[in-house]
Amino acid sequence: MNTNIIRIGTLVGGADAVRVIPQIVKHGFESFNLTFWQTSGDTDLKELAARMRELADEHDFVISAISVFGNPLTGEGNNADTLATWERLIDHAHLFGTEIVSGFTGRLTGRPIDESIPKFTEVFGELARRAAGQGVKLAFENCDMDGTWRTGDWNIAHGPAAWEMMFNAVPADNLGLEWEPCHQMVSLIDPIPQLRKWAPKVFHVHGKDATIAWDVVKEHGVHGNQPFVWHRTPGFGDSNWADVITILRQNGYQGTIDIEGWHDPVYRGELEMTGQVHALNYLKRCRGGDFIPNPV
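Every value quoted in this text rests on a predicted model; they were computed, and no experiment measured them.

Asker: Tell me what's going on with the overall build of the protein, and back it up with residues and numbers.
Answerer: Helix and strand content of the protein: 10 helices and 10 strands. By the compact-globule yardstick of 19 Å for 296 residues, the protein fits well, its C-alpha radius of gyration being 19 Å. If one aligns the C-alpha atoms of the protein with their principal axes, the spans along those axes are about 55 × 50 × 40 Å. When contacts within the protein are restricted to residue pairs at least 6 apart in sequence, long-range pairs at least 24 apart make up 76% of them. When the accessible surface of the protein is split by element, carbon and sulfur atoms take 50% of a total near 13300 Å². Of note, the protein has its 25 positive side-chain charges centred 3 Å away from the centre of its 38 negative side-chain charges.

Written out as structure tokens, the structure reads:
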């Protein structure tokens, strides 16, 4: 596979990857982001990595990132193993052939974002050092998980003011963002000017879009009983991904865009893979199609 393109792939649960990837890779996915919810559990990461490398060699794809989505700052309840999972994924990333480990920052539950910064500094200062020693970058998804500046349960990395505080607190070159336009659009943020400013800190991109019903916003506002925004699979939402990819390329991005499905209000259920394959082909067109070498 040519390295001078942005690969287009999708997210797959780490525990399901060996079963799922052989079934869907034939549709043309070029990368896979393996994900875990709160813990990697009893998954044998060495065995999983070996199987992924075998499949990657056979089908010409890459593992773009390995991820854990939980709250590593509290370690409470079902998040008891989240921090240890971050450590395991960092230590095993090279076996998967990836340099990206991603997830939520966590936060002090129910507290304002700024009150989480000291704990973030403690936890991710150490994780950043651990990762740097192994050539690994840590990327934070920009999802609010229904949180606000004042309160929340999962993540502080959902807006520029928090990013400034995080990266000032831990000024490590290997800390960055796992960015997507959707999570900004649900807050009525225009993702394009944001991406222009923050592209150098974008280490990984999730392919998820949104549709904003501005007529509903104008009539009912954002605190009424009418939905005003929906997560969408790329190709069905409001974003022009040719613009997104252009900005990424202008800033030297050579990573992947991995489709985060299972959210679209229409292309779901039995239409899930129909929507994802549409998104795959749409994003390939937005990057300019297949790589064509110049004449010599």
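Asker: Would you mind going over the packing of aromatic side chains in detail, with residue names and values included?
Answerer: Per the stated rule, a full pass over the model turns up 14 aromatic pairs. Measuring from centroid to centroid gives 6.1 Å for Phe29 and Phe32, while their planes differ by 50°, and the two rings are tilted. The burial state of Phe29 is the same as that of Phe32; both residues are buried. For the ring pair Trp37 and Phe104, a centre distance of 6.4 Å and an interplane angle of 90° mean the geometry is edge-to-face. Here Trp37, found in strand 2 (residues 31-37), pairs with Phe104, found in the loop between strand 4 (100-103) and helix 4 (113-132); they are 67 residues apart in sequence, far enough to count as distant. Taken together through their ring pairs, the aromatic side chains of Trp37, Phe69, Phe104 and Trp154 make up a single cluster. Over the ring of Phe203 we find Lys137, and its NZ or CZ is 5.0 Å from the ring centre. Positioned above the aromatic ring of Phe167, the side-chain terminus of Lys201 is 4.5 Å from the ring centre.

Asker: So what's going on with the pairing of strand 2? Which residues, and what values?
Answerer: Counting buried positions over the seven residues of strand 2 gives six, a clear majority of the element. Two strands pair when backbone bridges link them, and strand 1 (residues 7-13) and strand 2 are joined in this way by four bridges, in the parallel orientation. Each residue of the ladder has a partner; that of Gly13, found in strand 2, is Thr35. In this fold, strand 2 hands off to helix 2 (residues 45-59), which returns the chain to strand 3 (residues 62-69); that crossover is right-handed.

Asker: Go over the UniProt feature "domain: Xylose isomerase-like TIM barrel" (unreviewed entry) in the protein, please, and point to the residues and values.
Answerer: Within the UniProt annotation, "domain: Xylose isomerase-like TIM barrel" (unreviewed entry) is assigned to residues 24-282. Counted over residues 24-282, helix gives 39% and strand 18%. Its end C-alpha atoms are 17 Å apart.

Asker: Give me the lowdown on the packing of helix 2 against helix 3 (residues 82-96), citing residues and values where you can.
Answerer: It is at 9 Å that the axes of helix 2 and helix 3 come closest, and there the two elements cross at 25°. Regarding the angle of helix 2 to helix 3, the classification is roughly parallel. With respect to the hand of their crossing, helix 2 and helix 3 are arranged in right-handed fashion. Only Arg88, Leu89, His92, His94, Leu95 and Phe96 of helix 3 make contact with helix 2, whose side of the interface consists of Leu45, Lys46, Leu48, Ala49, Met52 and Arg53. Its residues assigned to classes, the contact of helix 2 with helix 3 shows seven nonpolar, two polar and three charged.

Thresholds applied
- Residues numbered from 1 in each chain as written.
- Predicted model: local features only at pLDDT ≥ 70, side-chain atom pairs only at ≥ 80, totals over all residues.
- Heavy atoms only, no water.
- Helix = DSSP H or I, 4+ residues; strand = E, 2+ residues; numbered from the N terminus.
- Rg over C-alpha atoms; globule rule 2.2 N^0.38 Å.
- Contact = heavy atoms within 4.5 Å.
- Areas by Shrake-Rupley, 256 points an atom, 1.4 Å probe, with all protein chains shown as cover.
- Lys, Arg positive; Asp, Glu negative; His and termini not counted.
- Charge placed at Lys NZ, Arg CZ, Asp CG, Glu CD.
- Phe/Tyr/Trp six-rings, centres within 6.5 Å; stacked < 30°, edge-to-face > 60°.
- Buried < 20%, exposed > 50% of the residue type's maximum accessible area, 1.4 Å probe, protein only.
- Lys NZ or Arg CZ within 6 Å of the ring centre and 35° of its normal.
- Pairing = 2+ DSSP bridges.
- Right-handed = clockwise from strand over helix to strand, strands pointing away.
- UniProt positions renumbered as here; feature names shortened; annotations may be inferred.
- Axes fitted to C-alpha atoms, helices over the stretch in contact; angles between N-to-C directions.
- Parallel < 35°, antiparallel > 145°, perpendicular 65-115°, else oblique.
- Left-handed = near helix turned anticlockwise from the far one by under 90°.
- Nonpolar A, V, L, I, M, F, W, Y, C, P; charged D, E, K, R; others polar.

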